[in-house]
Amino acid sequence: MDRFKNMRKLQVEVEEENGDGGYNGEKALEAQNEEAEAKEVAEELGQFTALKVRRRAALFGECKGDYVGVPSDPFLHRILTKQGDITVLFADKVVKFTGSGKMKKHILLITDFAIYLVDPDADVLKRRIALAAVEKICLSKFDDNFFALIVPTEYDCLMASTRKTEIANVLMEATKGASEEIEVVFSNRFEYNAADDMVKEVEFEEVNGGIKTRITKKEIQ
C-alpha cells in the first residue's frame, strides 16, 4: 500500500549548503527539485492552498486517530510492541525536514508515552521521543502545514502534515495533567535546533494571497 499517494505538492524556500559548508542563498524546493526523493515528496504533498488565519479554538476539533492502519502493518505493530506501547493516539504520513533542508517521507506515530518517526521505505525506526521530553509544538498563525517539535534535551524536528492541527490537539491531550504539559505556541517566526550545532529559523509571510514559507540557517553566537 502506498501510504503517501494522497499527499499534495509542497513549496518552500530553504538555504542551499555548498561543499565548503557555506550557503549559496535561498532555493525553492518544488516539483522540479533536482533530487529525486525531494521531487517525489514535493509532488505528493501538493500545493499549499486556502489561506486563512488559524484560530486557537480549531485545536479542539475531532481527532480521527490512526490513518495508516497500524494494527494491520506488521512492522509498525512490532515497533510499538517492542517498546511496550499499545495505545496509538495518532498515526499518519508526514514530511520531515533534515538539517540540510531535504524532505523525507516518514510515518509519525504518537502513543500515550512517546512519538515515533519511521522511514516507510526502509521500514526503519528513525527516532523515538518521549512525550515528557517535548517542551512545545510551534505552529504559524496561518493555515499552512508546518509544525516544529521542540525537544530541549535532544534536537528539534520540523515537519509538514495536512493534519498538524490534530497532531497538536493529540499532544496537548496526551500530556494534560502531567507535570510538564506540551505547550502550543503560535508564531509566524520561530527557531528550532535542526542539529546539535545548527539553529534554523522558519518564517511565514502572506504574499499575493498565498503563504510564503522561508527556512534559513542562523549563525550561532
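Below is a short write-up of the structure. (Residues numbered from 1 in each chain as written. Predicted model: local features only at pLDDT ≥ 70, side-chain atom pairs only at ≥ 80, totals over all residues. Heavy atoms only, no water.)

1. As for the overall build of the protein chain
From N to C terminus, the protein chain includes 3 helices and 13 strands. Only carbon and sulfur atoms are counted for the fraction: they give 45% of the accessible area of the protein chain, which is about 11,100 Å². (Helix = DSSP H or I, 4+ residues; strand = E, 2+ residues; numbered from the N terminus. Areas by Shrake-Rupley, 256 points an atom, 1.4 Å probe, with all protein chains shown as cover.)

2. Some details on the pairing of strand β9 (residues 157-160)
Here β9 shows no split at all, with C157 and M159 on one side and L158 and A160 on the other all buried. Relative to β9, strand β3 (residues 88-97) runs antiparallel, the two sharing 3 bridges. Paired with K96 across the two strands is M159, which belongs to β9. One ladder, built from 4 bridges, connects strand β8 (residues 146-150) with β9; its direction is antiparallel. Bridging from a neighbouring strand, F146 pairs with A160 of β9. (Buried < 20%, exposed > 50% of the residue type's maximum accessible area, 1.4 Å probe, protein only. Pairing = 2+ DSSP bridges.)

3. A look at helix α2 (residues 74-83)
Among all positions in α2, only F75, L76, I79 and L80 are buried. Within α2, the buried residues cover an arc of 130 degrees as seen down the axis, which keeps them to one side. Of the exposed residues in α2, those oriented more than 90 degrees away from the buried face are P74, R78, T81 and K82. Lining the buried residues of α2 we find β3, β4 (103-111), β5 (114-119) and β6 (124-130). Just downstream of α2, G84 is the residue with a positive phi angle, here 80 degrees. (Arc of directions from axis to C-beta. Contact = heavy atoms within 4.5 Å.)

4. Remarks on the pairing of strand β10 (residues 183-186)
The alternating pattern of β10 places V184 and F186 on a buried face and E183 and V185 on a face that is not buried. Here strand β7 (residues 136-139) pairs with β10 via 4 bridges, running parallel. Across the sheet, I137 pairs through a bridge with V184, a residue of β10.

5. So, unusual backbone geometry
Even without being a glycine, D123 presents a positive backbone phi close to 50 degrees. Here D123 shows up in the loop between β5 and β6. When its relative accessible area of 36% is taken as the criterion, D123 is described as partly exposed. Positive phi, close to 50 degrees, is recorded for N208, a residue that is not glycine. Of note, N208 is situated in the loop between β12 (198-207) and β13 (210-218).

6. Regarding the environment of D156
Topologically, D156 is positioned in the loop between β8 and β9. Counting along the chain gives 39 residues from D156 to A195, while the straight-line C-alpha distance between them is 7.3 Å. Reaching out from D156, the side chain makes a polar contact with the backbone nitrogen of N193 at a distance of 2.7 Å. (Polar contact = N/O pair within 3.5 Å; in protein donor to acceptor, adjacent residues only side chain to side chain.)

7. Describing the pattern of salt bridges
The full count for this structure, using the stated rule, is 10 salt bridges. One salt bridge in this structure joins K105 and D121, with 3.8 Å as the shortest N-O distance. With a gap of 16 residues between them, K105 in strand β4 and D121 in the loop between β5 and β6 connect regions that are remote in the sequence. Across the pair K164 and D144 runs a salt bridge whose closest N-O atoms are separated by 3.2 Å. Within this pair, whereas K164 is found in helix α3 (residues 164-174), its partner D144 is found in the loop between β7 and β8, the two being separated by 20 residues in sequence. Under the relative-accessibility criterion, K164 is labelled buried at 1%. Salt bridges linked by common partners bring D92, K93 and R163 together as one network. (Salt bridge = Lys/Arg side-chain N within 4 Å of Asp/Glu carboxyl O.)

8. Here's the deal with the nonpolar core
Counting 25 residues, the largest nonpolar core has L108, I115, I137 and L171 as its most contacted members. Considering every element that reaches this core, the biggest residue donor is α3, with 5 residues. Sequence-distant contacts of L108, defined by excluding residues within four places in its chain, comprise F90, A91, D92, V94, I115, Y116, L117, F147, M159 and I167. (Core = buried A, V, L, I, M, F, W, Y, C linked by side-chain atoms within 4.5 Å.)

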